[in-house]
Structure formats: structure tokens, C-alpha cells
Amino acid sequence: MTITEQRAATPHSAGAVPHVELRGIAKAYPASHGGGTTTALAGIDLFVAPGEFVAIVGASGCGKSTLLRMVGGFEAPTAGTLTSQGTAITAPGPDRGMVFQDYGLFPWLTVAENIGWGPRARGLPKAQGRARVQELVALVGLTASADRFPGQLSGGMQQRVAIARVLANDPAVLLMDEPFGALDALTRQLMQQELHKIWRELQPAVLFVTHSVEEALFLADRVVVLSGGPTHGLPGYVRAVVDVDLAHPRDVTSPRFNDLKRELLAQVLSDEHSAAEQA
Amino acid sequence: MIRTRAVLLGVPFPAALIALWHVAVTQGWMTIIPLPGDVAKESWDFAFGGIYDSAQSGTLLTNLWASSSRVLMGFGLAAMVAVPLGVLMGRSQRLEAMVGPTINLLRPVPVTAWVPLVLIVFGLGGRSTIILVFIAALYPILLNTIDGVRGVPTRLIEAGQMLGTSSARMLTRIVLPAALPSILTGMRVALGFAWVVVVVGETTGVPTGLGSVITEAREVSNTGLIIAGMAAIGLAGYATDRLISQVARIACGKRPLTPTR
């Protein structure tokens with residue numbers, strides 16, 4: 001367990017080519033009133049190694065979702081370089097599969113058709129695509145619901161479909177934007193276990209945005225704490241990077257887990273405290 | 001059960017209207033209008049012949065077909081232009097900026113104001129009527145398509161992008177199905193207009209069609225046939241409206257069309 005202030009998040013295993021690399025990333029918006037700009041993020045360095053699970057935590061408005069959307073290629077940074085497997089990121093692509101909080105499933109397609117979207121869009125032979133879909137449907141435990149439509153499924157089941165749909169493209173990295181934020185507490189826990197199982201099995205690199213410190217600690221190899229944000233009058237920045245060296249499966253009630261959780265929570269909330277003191 | 005209920009609830013009102021009509025004529029409140037029974041007889045003759053042996057006896061099918069084919073051709077032409085154009089205009093702000101103003105200027109021109117120009121360009125006959133139907137059906141389909149395309153949830157577009165969907169596939173497999181409910185609404189409105197306009201077009205000296213039947217009936221003061229023709233137009237309009245809903249229903253199967261959010 002190590003907490004380093006503002007340390008650049010270096011690759012987990014030395015020598016490995018990072019799947020995703022962010023260097024000096026900044027994002028500025030035109031200010032909502034008056035001229036000038038609001039800087040949402042500045043000086044962000046981040047690396048995600050192959051097979052590594054990296055979580056980004058932070059309070060609302062710290063820019064964590066914006067950061068993920070930039071990796072996704074949905075938004076462009078105003079400064080810095082952003083690469084996926086060594087290639088500059090300029091647009092969304094199947095190498096960076098995104099799992100949205102609101103699922104984003106195609107409502108007129110069945111579970112199997114949603115999952116098969118990527119292989120079909122890439123022109124994979126039908127039989128090959130079908131086999132892959134069957135595999136993934138089984139992986140997320142939805143074989144019995146393969147021919148149902150998303151509107152007939154619970155939120156947790158819909159999110160499983162969304163995860164399988166992205167995995168069908170064999171992405172270099174899985175981008176997850178508060179994927180379990182809309183689920184009830186129990187489903188959320190089950191989904192965390194499910195995701196961990198899938199990650200263990202397929203070893204995709206994951207960049208996971210959440211505001212739950214516990215969720216981040218349960219899942220991630222490394223937790224990046226993002227602080228600041230325009231509401232605090234300064235751009236979002238990497239406040240701390242924590243290597244989580246707890247063995248899996250992690251016991252969220254263990255003393256070590258809770259020590260780590262307390263420490264991380266203090267980091268996440270430090271801005272809120274200082275803002276409260278100033279007020 | 002539901003059918004019986006629908007009949008029980010739906011029949012009394014029009015039956016009462018017809019009864020009132022009958023009473024009004026026999027009591028002399030209305031003198032120019034024939035009795036419902038006479039109109040029924042005239043309708044039978046119009047449909048099957050054998051009663052009056054007039055020029056219109058037994059011509060319902062011929063005229064119905066003439067009008068319907070004009071409606072469907074004008075409507076089909078309009079849909080073929082308006083759906084692709086609407087999808088592109090809804091997705092491309094540049095195309096919208098290029099074409100939108102022209103369409104907004106042309107749209108307020110009533111179809112009746114188009115009649116003289118269309119007649120000069122395309123001449124008397126069914127062809128002009130088809131063009132008029134096309135003009136009338138174009139706008140509702142186009143506007144509803146643009147609206148529907150703009151309303152496609154951004155999330156679905158983003159999902160398509162990050163899954164590696166080509167832009168052509170994006171239009172046909174994401175934008176089009178997501179906008180389909182709105183497009184269908186536009187088509188139903190357009191079909192209603194198409195029937196209005198086909199009758200207008202057929203009053204301009206076209207020899208066939210339900211519009212020409214009621215125009216000629218007026219010239220010979222055959223009020224019964226006028227009403228019979230009106231009834232046929234109403235029923236035909238209703239039938240095509242049902243047809244388009246059924247076609248959409250069959251084409252989509254049990255697929256839900258409205259996005260879940």
C-alpha cells in the first residue's frame with residue numbers, strides 16, 4: 001500500500017507497453033458566462049497496462065467522466081497527448097469499448113443481437129460471430145434471456161448485456177463510466193463480483209470511473225484519486241495514486257481494506273473540507 | 001369480448017345520425033338531401049350496378065383503383081424522397097442549412113395554389129394529380145423524419161461509434177430504426193393529406209377517380225351519388241391508414257420501437 005501525492009501513474013509491470021497512455025492532458029471549455037474558458041482538467045498523466053484494472057475516483061465535478069470520455073474519443077483534450085496502443089486517439093473506436101451508466105443498448109434488438117453488433121459491424125463471418133455471441137451470453141449468465149429485448153430486463157441484466165457487447169470486440173481497454181451507479185446496492189455488489197470474475201477470466205485492461213471508494217478498492221489494481229474541478233476554482237488534477245495490493249477476493253470488512261478506504265476517502269473529500277473551511 | 005364491446009359502443013352514434021337524417025328529410029327540414037335509403041341504393045348501384053344503368057353504375061372499383069393508385073404513387077414518391085432526405089438533414093447541420101430555408105419557404109404554399117402551375121407543366125390528367133399528392137405528402141414525412149432523427153438519443157450514436165459502426169451502417173441500423181416511430185407518424189399524416197389532394201386533383205378534369213365521380217355527379221345534380229362518392233373516399237382513406245399501420249406492425253414484428261429512455 002503506497003500513497004504518493006501527485007505521482008505520475010506509472011505502468012504496473014515494468015517494460016509492458018501501456019494500452020492507454022495520457023500525457024499532460026488538459027480540457028478547457030468556453031466559460032458559461034462571459035468570455036474566457038473554464039479549465040476542467042489539467043496536467044493529467046495516466047497509464048493503463050495490459051490486463052490492469054485502474055479505477056478513477058473523485059467527488060462530483062472533478063472531471064473524471066470527462067477524462068474517460070476523452071479516452072473514449074467522444075471529446076478531444078485541449079492539450080496533451082492521448083494514445084491507445086501507441087496510436088493517437090482521435091475518435092471512438094472498437095479498441096476502447098465503453099460501458100455507460102445508462103447502458104446505451106439498442107432497444108429494438110435482442111440481447112444476442114446487441115452483443116453481436118460489434119462482430120457484425122466489423123464484418124466477421126456470421127457463424128463465427130454467432131459462436132462468439134453464445135460464448136459471451138453464457139459468460140454474463142444471460143443464456144435464458146438471449147432472445148429478450150433490453151426493455152424486458154432489469155438494470156443489472158441490461159448492464160451485463162452492455163459489458164458483453166463491448167467484450168465481443170476484444171477491446172484493448174474497457175472504459176466504464178460509473179457503470180453500476182444506477183443499480184440498487186445489492187445488485188451493485190453482485191455486479192462488482194461478476195465484473196471481477198470476468199476480468200479475471202478475460203484479463204482486459206479496465207479504466208473504471210466511480211465515486212465509490214469501496215467499489216474502486218474492491219475491483220482495482222490501482223486507484224487514481226482525482227481532485228479539484230471548476231467548482232473548487234481549480235482544474236481537476238491527480239491528487240493521489242494508490243496501489244491496492246490486497247489479495248482477491250477482497251474482504252470489504254477486513255481491517256486493511258478499511259484502513260485503505262479511510263485513507264482514500266480522506267483524499268477524495270479533502271477538497272470538500274477545505275472548501276467548507278473557507279466558507 | 002373486446003370486439004363486441006367496440007361494436008356496442010361504436011354503432012349507436014352513427015345509427016342515430018342516420019336516423020336523424022332520415023327524419024329531417026321526411027319532415028321536410030332538409031329538402032335537397034336524399035333519404036339515407038336512396039343514398040344506400042345509389043351506393044349499391046355505384047358499387048355493383050344493375051339499378052339505374054347510369055354512366056357511373058358499377059364503376060366503384062375502377063374509380064377506387066384510379067384514386068388509390070394515384071394516392072399510393074404520389075405518397076410512395078414522397079416517402080422515397082422525404083425519408084432519406086430527412087435522415088440526412090437531421091444528421092447534417094450543413095445540409096439542413098443548405099436545404100432547410102428553401103423547404104420552409106415552399107411549405108406554406110397550399111397545394112391548391114400549386115394546381116394551376118402543375119397543370120401547365122404536366123398537363124391535364126392523372127399525372128398532375130400524382131404530382132400534387134407528392135407535394136402534399138412530402139412535407140409531413142420530411143419534417144417528422146428530421147424531428148425523429150434529431151431525437152435519436154445521443155447515447156445510441158455513441159454506442160454505435162465505440163462499437164466500430166461505419167457511418168452508413170449508423171444511418172440505416174441505428175438512426176433509421178430509432179426515428180421510425182416519428183417517421184410513421186409523418187407517413188400517416190401524409191396519407192391523410194394525400195387523400196384530400198387526390199380528390200382536389202381529380203376535380204380538374206381527370207376522367208377517372210372518386211374525385212371526378214363526385215364532380216360529375218354535381219354537374220348532373222345527383223346528390224345521392226355525391227354522398228356515395230364521399231363515403232367511398234372516407235372508407236378508402238381509413239383503409240390505407242390501417243394498411244400502413246399493419247405494414248409497419250408486420251415489418252417490425254414484436255420489436256419494441258420506442259427507446260427505453
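Cut-offs used in this document
Residues numbered from 1 in each chain as written. Chains lettered and ligands numbered in written order. Predicted model: local features only at pLDDT ≥ 70, side-chain atom pairs only at ≥ 80, totals over all residues. Helix = DSSP H or I, 4+ residues; strand = E, 2+ residues; numbered from the N terminus. Rg over C-alpha atoms; globule rule 2.2 N^0.38 Å. Contact = placed C-beta atoms within 7 Å. Nonpolar A, V, L, I, M, F, W, Y, C, P; charged D, E, K, R; others polar. Core = buried A, V, L, I, M, F, W, Y, C linked by C-beta atoms within 7 Å. Buried ≥ 20, exposed ≤ 12 C-beta atoms within 10 Å, placed from the backbone. Domains from an automatic or database assignment.

Student: Just checking my understanding: could you explain the overall build of chain A for this structure?
Tutor: Looking only at helices and strands, one finds 8 helices and 11 strands in chain A. Computed over C-alpha atoms, the radius of gyration of chain A comes to 19 Å, within 12% of the 19 Å expected from 2.2 N^0.38 for 279 residues, which places it in the range of a compact globule. The principal-axis extents of the C-alpha atoms in chain A amount to approximately 60 × 45 × 40 Å. Within chain A, contacts between residues at least 6 apart in sequence are counted, and of these 72% link residues at least 24 apart.

Student: Is there a simple way to think about the interface of chain B and chain A in this case?
Tutor: Accessible area lost upon the coming together of the parts serves often as the stated size of an interface. Between chain B and chain A, the contact holds 19 residues from the first and 22 residues from the second. Of all the secondary structure elements, the ones that give two or more residues to the side of chain B that touches chain A are α8 (154-162) and α9 (167-202) of chain B. In terms of residue count, the dominant contributor to the side of chain B that touches chain A is α8(B) (6 residues). Looking at side-chain class alone, the side of chain B that touches chain A contains 9 nonpolar, 5 polar and 5 charged residues.

Student: Hey, could you run me through the nonpolar core in this one?
Tutor: One recurring pattern in soluble globular proteins is that nonpolar side chains are buried together. Grouped together as the largest cluster of nonpolar side chains are 140 residues, with contacts concentrated most on A:L207, A:V223, B:V133, B:A137 and B:A194. No other element matches the 16 residues that α9(B) contributes to this core. With sequence-adjacent residues up to four places away left out, B:A137 is seen in contact with B:G74, B:F75, B:A78, B:A190, B:F193 and B:A194.

Student: Explain the domain arrangement of chain B here, please?
Tutor: For chain B, the assigned domains read domain 1 (1-33) and domain 2 (35-252). Just the C-alpha atoms count here: the centres of domain 1 of chain B and domain 2 of chain B sit 30 Å apart.

Student: Could you clarify how one ought to interpret the domain arrangement of chain A in this entry?
Tutor: Residues and elements named next belong to chain A. For chain A, the assigned domains read domain 1 (2-95 + 173-278) and domain 2 (105-170). Between the C-alpha centres of domain 1 and domain 2 there is a distance of 27 Å. If you look at the interface, domain 1 gives 11 residues, while domain 2 gives 10 residues. The element that contributes the greatest number of residues to the side of domain 1 that touches domain 2 is helix α6 (residues 185-202), accounting for 5 residues. Partitioning the side of domain 1 that touches domain 2 into residue classes produces 10 nonpolar, 1 polar and no charged.

Student: Just checking my understanding: could you explain the environment of B:E202 for this structure?
Tutor: All names here are of chain B. Turning to its location among the elements, E202 is positioned in helix α9. Look at E202 and you get buried, because 26 C-beta atoms sit within 10 Å. Spatially, the C-alpha atom of E202 lies 9.5 Å from that of I214, the residues being 12 residues apart in sequence. For E202, the residues in contact, after removing those within four places along its chain, are S67, T129, G209, L210, G211 and S212.

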